[in-house]
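One letter stands for each residue in the lines below.
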Amino acid sequence: MTSEPTSVGDSAEIRSGSVLPGRRTDIELVTDDHLTLVGELAEPLDRVARGTVVALHPLPTAQGFMDSHVLKKAAARLPALADIAVLRFNFRSVTSPRGTSEGVFGDGVSEGFDLRAAVQDVVDRGLPTPWLVGWSFGTEVVLKHALEHVESGHVAGVVLLSPPLHRTSDEELARWAAVDVPVVALVPEHDDFLQPDQAARRFAIAPTVRVVPVAGAKHLWVGERYVRIVLDTIADLVVPGSAPLPTHWPAADQRP
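Owing to the predicted nature of the structure, the values given are computational and were not obtained by experimental measurement.

What counts, and at which threshold
- Residues numbered from 1 in each chain as written.
- Predicted model: local features only at pLDDT ≥ 70, side-chain atom pairs only at ≥ 80, totals over all residues.
- Heavy atoms only, no water.
- Phe/Tyr/Trp six-rings, centres within 6.5 Å; stacked < 30°, edge-to-face > 60°.
- Buried < 20%, exposed > 50% of the residue type's maximum accessible area, 1.4 Å probe, protein only.
- Helix = DSSP H or I, 4+ residues; strand = E, 2+ residues; numbered from the N terminus.
- Contact = heavy atoms within 4.5 Å.
- Axes fitted to C-alpha atoms, helices over the stretch in contact; angles between N-to-C directions.
- Parallel < 35°, antiparallel > 145°, perpendicular 65-115°, else oblique.
- Left-handed = near helix turned anticlockwise from the far one by under 90°.
- Nonpolar A, V, L, I, M, F, W, Y, C, P; charged D, E, K, R; others polar.
- Pairing = 2+ DSSP bridges.

A. Broad picture of the packing of aromatic side chains. For the structure shown, the criterion picks out three aromatic pairs. Geometrically, the ring pair formed by Phe 89 and Phe 91 is edge-to-face, given 5.4 Å between the ring centres and 85° between the ring planes. Across this residue pair, the class does not change: Phe 89 and Phe 91 are buried. Ring geometry for Phe 105 against Phe 137: centres 5.7 Å apart, planes inclined by 50°, an arrangement best described as tilted. On the criterion of sequence distance, the pair formed by Phe 105 in the loop between strand 8 (99-100) and helix 2 (111-125) and Phe 137 in helix 3 (residues 137-145) is long-range, its members being 32 residues apart. Of the aromatic side chains, those joined through ring pairs into one cluster are Phe 89, Phe 91, Phe 105 and Phe 137.

This is the structure:
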């Protein structure tokens, strides 16, 4: 049973299931290999977005999808709290309540087409140049395939959440050594796959990547404390000065 939000005056604490006001549109992305992917674009309700995030979800074969909790909470909060538009989508073959994307799992290879379709959609809509936010498997897709979008000027920066570096070779990492956009890796202290000391060693060949250890966190960022660390970091990178994000919002405007 979910506890009642804490009230402060006429406002209530933003909790795990809070959905703040925003304009949410179901979208479809068409890839260069002719697949249709399902997703959602969440935008500020009555203001122009000051920044954009393209969110890339965790491993599909381990139940990762566009509603994986950190990304779902980003879409539920960042449009209202920081004027940031959030585009989420299901990689090929992945199902969520939004629907099922066509195709078969590509183990991080053919998902490069999915990333390209998402970036192109942001460009076509005239939204602010996006930051890519990959989580776990999503970081592998970014590290393998995003350089073309960085080099074309269509990516403003990158956030890597819990990068496992399972599918990313040293050769691929080394290609990031000369990028001229910010790249920040948030690495949980107790990550199951890659902890901060290991991450520092792997990313040493790409010194432009800033490795940020997060004390107490685990790979899945469970707990509101860690969700807020992630969202504050993303918000302050995408729209400098927007963090720390408010922790309360008018109760009447929160949708459970």
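On we go.
B. Here's a closer look at the environment of Gly 22. Mapped onto the elements of the fold, Gly 22 is located in the loop between strand 2 (11-13) and strand 3 (23-30). Residue contacts for Gly 22: discarding those within four places in its chain leaves Glu 43 and Leu 45.

C. View of the packing of helix 1 (residues 69-82) against helix 7 (residues 224-238). Interaxial distance between helix 1 and helix 7 falls to 10 Å at its minimum, and their mutual angle equals 55°. Between helix 1 and helix 7, the crossing angle belongs to the class labelled oblique. For the element pair helix 1 and helix 7, the recorded crossing hand is right-handed. For the pair helix 1 and helix 7, the contacting residues are His 69, Val 70, Lys 73, Ala 74, Arg 77, Leu 78 and Ala 82 in the first and Glu 224, Val 227, Arg 228, Val 230, Leu 231, Ile 234 and Ala 235 in the second. A per-class count over the contact of helix 1 with helix 7 returns nine nonpolar, one polar and four charged.

D. Representation of the sheet that holds strand 9 (residues 130-135) within the structure. In space, the eight strands of this open sheet follow the order 3-4-6-5-9-10-11-12, with mixed pairing throughout. Each of the sheet's edge strands pairs with one partner strand only, and the pair in question is strand 3 and strand 12 (209-214). Within the sheet, the average angular offset between the axes of one strand and its neighbour, ignoring direction, is 20°. As defined by bridge partners, strand 10 (residues 157-161) adjoins strand 11 (residues 183-188) across four bridges and the pair is classed as parallel. Note that in strand 11 the partner of Leu 161 across the bridge is Leu 186.

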